[in-house]
Amino acid sequence: MSSLLEPSRGGRFRAALRAEWTKFRTVRGWMIGLAFAALMVVLFTFLQANGKHTGYCTTPNPSSCVTGHQYVPTGPSGEAVADTYELVAKRLTGDGTITARITTLAGRISAGPANEAPSAAETQPGLTSWAKAGLLVTPSTGQGSSYAAVMATGGHAVRFQYDYTHDQAGLPGSISSTAPRWLRLTRTRDTITGYDSSDGINWHRVGSAHLGGLPTTVNVGLFATSPTTSQGLATQATASFDHITIGPPTDGAARTVPGPWHGSNIGAGPHDYYTTLGNGGYRQAGDSIVVTGSGDIGPAVASAGGDTASDPLLFGLVIALIVLIVIGTMFITSEYRRGLIRTTFAATPRRGRVLAVKAVVIGGVAFVVGAVASAVAIPLGEHVMSANGNYIFPAGSLTVARVIVGSGALVALTAVAVLGIGTILRRSAGAILVGVVVFVLPTLTGPGIIGPTSSASAATWLYRVTPAAGFSMLGLLPRSRLVSYPYTMANGYYPLPPWAGLLILGAYAAAALFAARVVLGRRDA
Amino acid sequence: MTDALRAEWTKLRTISGTWWLMVGAVAVTVAASAGIAASTHVSPGGPGGANGAGQDPTKLSLIGLDLGQAVIAVLAVLAVTDEYGTGMIRVTLAATPRRAVMLGAKAVNIAGLALVTALPAVTGSLIAGRLLLPDAGPNPAHGYGLISIAHGPTLRAAFGSVLYLGLIALLSLGIGTVLRDTAVSTGTVLALLYLPPLLAQLVSGPWRRHIQQIAPMSAGLAIQATRNIRSLPISPWAGLEILAAWAAGMLLVGLAVLKARDA
């Protein structure tokens, strides 16, 4: 019977929720504070984006300096890529096969300082692990075009790679004249398959790629390239090929497409962003071809020198955090100050429910403020930065949505955590002090904010274990295992993956709320 | 004036929170300084040493003040906002109707308490730095002297840091008087202290320097520098004067609104 007369469990929760929401929305100062927080996010995003200007120089002479950014190619799926290499190719119409033996792969590393333009005169021998040389099929020599390649590398043995981000491993071991590698690519309509062999007789399939919309006639040939080291030094790789055949698959190695080889040094102009060592080139000696190249074919990382859509968002979000810390504290401490808490508990005797409902209200409100503000601020900042000539790393709409959700969640979890702290301490000053020290101060060591290297490890540590980990949700810089690059805080990379970072912040909020629940249950109001 | 001073002193003295906050400020400052000093790893031939900037052992060992000042700020804010929260302010103003005398008495008491707190906090931090930093790298073998207040710039840094905390307290008292609410005042003071240094790192060019020259924390803490004074955005004493101007300005605004409105 009682279930008919008394509101259900869900009904009581909804009633408590409505009560808390009414208490919240009728305090004018809090609503003004929320609007102020959102406004600050948008305003400071605009100001920071507006303060970013890019320019570069093509020679040491200052008169060669121009505003704007260097060219960063965009790959087939819209990502930023590096596409700088030496290609020695012929045109192949229809299906076909290219086979070659690679006998040597050697390299040189710039010996000059990393911050100076590398010079071919100042080098020392050395091969980077992702130096690449092998066979490549591409419809176009334009940067960022689709491709598939099978290659020998400096330290990763034989690989089959296509469209910048896809990678499969082939035969292990490094190349030498006593242990050469045979490489083969076959084209069958849109499918490119890569093979390798240690003797040219027993072939082993490394991988295959489906390149949609591949035209009938494509460039097929040999390539070499060598990326900058993780210290930022430019490098160069030289590879020797022999036993080179190109022909229709039925003829096999018997016939070769007639006509001369065409060498192209792709993506190494003064306006291309990738730092190269010397000019690429090739020379033919009898049946063999020696190809020299510098650059990379792969994903672009922070060294491409761009900004991300979330870069100017940080400062405004920190202001919003402080405002929500103040409001989240007052949401509970003002009830203690005025004695309203006794009325609240009289109306909803279940302490846990009061705390939960308050957390839902402040968390929901904070989420909306953070998410709406960043949803407005991100496109605005992107527009302003682009107008100022900055390069912005392309980010998919799902990734941008993650940043928007992350901004909301960051503010929401902080507000909920501070609600817990306020419940425990019952005093505004103490709760805000703890809130700011624990949830805001660690972020002050953030990306690009860290000074000497001695504090870099401290910053990394803070962004792993303190609530600042939540800011990982803003990370948009691309990283790839196909590129040797120091993915450090100093270079703008958060040490944790986005959702893992948010989980750390969530753990702090959950701990604060749990402690508050325990304390509430034990003491009188 | 003497009666007002004694009244404010009695109020502050008899709140247990005052003493807890003072002890907390000292503990937080010394603990943070010691923690940073113990976890610092300085490579003398590293980037810091190579470009001539090097490390500043005195400044490094006083880094706990960055944290401890927040506690002092809360202490000062509470001295006035707590009275508004409880309605005590009406009794206070009935007893001391002259707003300037009341605020002056509060300022003297709060500044005194802040200075008394700062003395052990600064001393403890310097001792921690002297004991712990040599193991971290900045030691005599690497060309860094042991921290000693016999060294002129270190004495200036120590004395100036004590004054710095006193001025932070006055600035916080002024903001508390203007805003009256504990939560809003605390949030505002901490935002005013901690946000400009963050903003300065995010902007480039002359703006960074200007922010470091006028922000209360960045300018005021210039007093802690003992090396490469010329490369600072603002000279030590000028920086402390900027902070003093902030504190005086906020107290004056506080006095003006105190006179203009009802309690």
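Note that the coordinates shown come from a computational prediction; the quantities given were computed from them, not determined experimentally. (Residues numbered from 1 in each chain as written. Chains lettered and ligands numbered in written order. Predicted model: local features only at pLDDT ≥ 70, side-chain atom pairs only at ≥ 80, totals over all residues.)

Bringing helix H8 (residues 152-179) of chain B into the picture now. Residues and elements named next belong to chain B. Taking 1.5 Å of rise per residue, 28 residues should cover 40 Å, and H8 covers 40 Å from first to last C-alpha, within 8% of that figure. Counting buried positions over the 28 residues of H8 gives 20, a clear majority of the element. Directly beyond the C-terminal end of H8, a positive phi value near 70° is found at Arg-180. (Helix = DSSP H or I, 4+ residues; strand = E, 2+ residues; numbered from the N terminus. Expected span 1.5 Å × (residues − 1). Buried ≥ 20, exposed ≤ 12 C-beta atoms within 10 Å, placed from the backbone.)

Quick look at the packing of helix H4 (residues 314-338) of chain A against helix H8 (residues 428-439) of chain A now. Residue and element names in this part refer to chain A. Running from N to C, H4 and H8 point in directions that differ by 145°, and their axes come no closer than 9 Å. In this structure, the crossing between H4 and H8 has a hand that is right-handed. For the pair formed by H4 and H8, the contact residues are Leu-321, Ile-322, Ile-325, Val-326, Thr-329, Met-330 and Thr-333 on the first element and Ser-428, Ala-431, Ile-432, Gly-435, Val-436 and Phe-439 on the second. Broken down by class, the residue content of the contact of H4 with H8 amounts to 9 nonpolar, 4 polar and no charged. (Axes fitted to C-alpha atoms, helices over the stretch in contact; angles between N-to-C directions. Left-handed = near helix turned anticlockwise from the far one by under 90°. Contact = placed C-beta atoms within 7 Å. Nonpolar A, V, L, I, M, F, W, Y, C, P; charged D, E, K, R; others polar.)

Take the domain arrangement of chain A next. All names here are of chain A. The domains assigned to chain A are domain 1 (10-53 + 305-522) and domain 2 (81-299). Summarising the inter-unit geometry, the C-alpha centres of domain 1 and domain 2 are found 47 Å apart. Listed as interface residues are 8 residues of domain 1 and, on the opposing side, 11 residues of domain 2. Here the residues of the side of domain 1 that touches domain 2 sort into 5 nonpolar, 3 polar and no charged. (Domains from an automatic or database assignment.)

So, on to the sheet that holds strand E7 (residues 132-138) of chain A. The strands making up a sheet associate through backbone hydrogen bonding, with each pair oriented either parallel or antiparallel. Residues and elements named next belong to chain A. A sheet is described by the order of its strands in space; here 7 strands give the open sequence E10-E9-E8-E7-E14-E4-E16, paired in antiparallel fashion. The open sheet has two edge strands, strand E10 (166-169) and strand E16 (262-266), and neither has a second partner. Strand-to-strand twist of the sheet, defined as the mean angle between neighbouring strand axes without regard to direction, takes the value 25°. Pairing between E7 and strand E8 (residues 148-153): 6 bridges, direction antiparallel. Paired with Leu-135 across the bridge in E8 is Val-150. (Pairing = 2+ DSSP bridges.)

This part takes up the pairing of strand E9 (residues 158-162) of chain A. All names here are of chain A. Burial analysis of E9 places 5 of its 5 residues in the buried class, the great majority of the element. Residue alternation in E9 divides its side chains into two sets, Val-158, Phe-160 and Tyr-162 and Arg-159 and Gln-161, and both sets are buried. In this sheet, E9 lies alongside E8 in antiparallel orientation, the contact comprising 5 bridges. Looking at E9, one finds that Ala-148 is bridged to Tyr-162. Taken together, E8 and the strand that follows it, E9, pair antiparallel across an intervening segment of 4 residues, in which Ala-157 is found at a positive phi of about 55°.

So, about the interface of chain A and chain B. Taken together, the contacts link 28 residues of chain A with 31 residues of chain B. Going through the elements one at a time, H4, H8 and helix H9 (453-465) of chain A are the ones with two or more residues in the side of chain A that touches chain B. Element by element, the count of residues in the side of chain A that touches chain B is highest for H4 of chain A, at 11 residues.

Its 37 residues give helix H6 (residues 351-387) of chain A an end-to-end C-alpha distance of 53 Å, which sits within 8% of 54 Å, the value for a rise of 1.5 Å per residue. Remark: Gly-389 of chain A follows H6 of chain A within two positions and exhibits a positive phi of approximately 90°.

We now examine the packing of H8 of chain B against helix H9 (residues 182-202) of chain B. All names here are of chain B. In contact at an axis separation of 9 Å, H8 and H9 are set at 140° when each is read in the N-to-C sense. As far as their axial angle goes, H9 and H8 are oblique. When the axes of H8 and H9 are compared, the crossing they make is right-handed. Judged by residue contacts, Ser-172, Ile-175, Gly-176 and Leu-179 of H8 engage Val-184, Ser-185, Thr-188 and Val-189 from H9. A class-by-class count of the residues in the contact of H8 with H9 yields 4 nonpolar, 4 polar and no charged. (Parallel < 35°, antiparallel > 145°, perpendicular 65-115°, else oblique.)

Okay, the environment of Gly-422 of chain A next. Residue and element names in this part refer to chain A. Relative to the helices and strands, Gly-422 resides in helix H7 (residues 397-425). With 31 C-beta atoms counted inside 10 Å, the residue Gly-422 sits in the buried group. In sequence terms Gly-422 and Asp-190 are 232 residues apart; their C-alpha atoms lie 63 Å from each other. The contacts of Gly-422, once residues within four sequence positions are left out, are Gly-328, Thr-329, Ile-332, Thr-333 and Ala-431.

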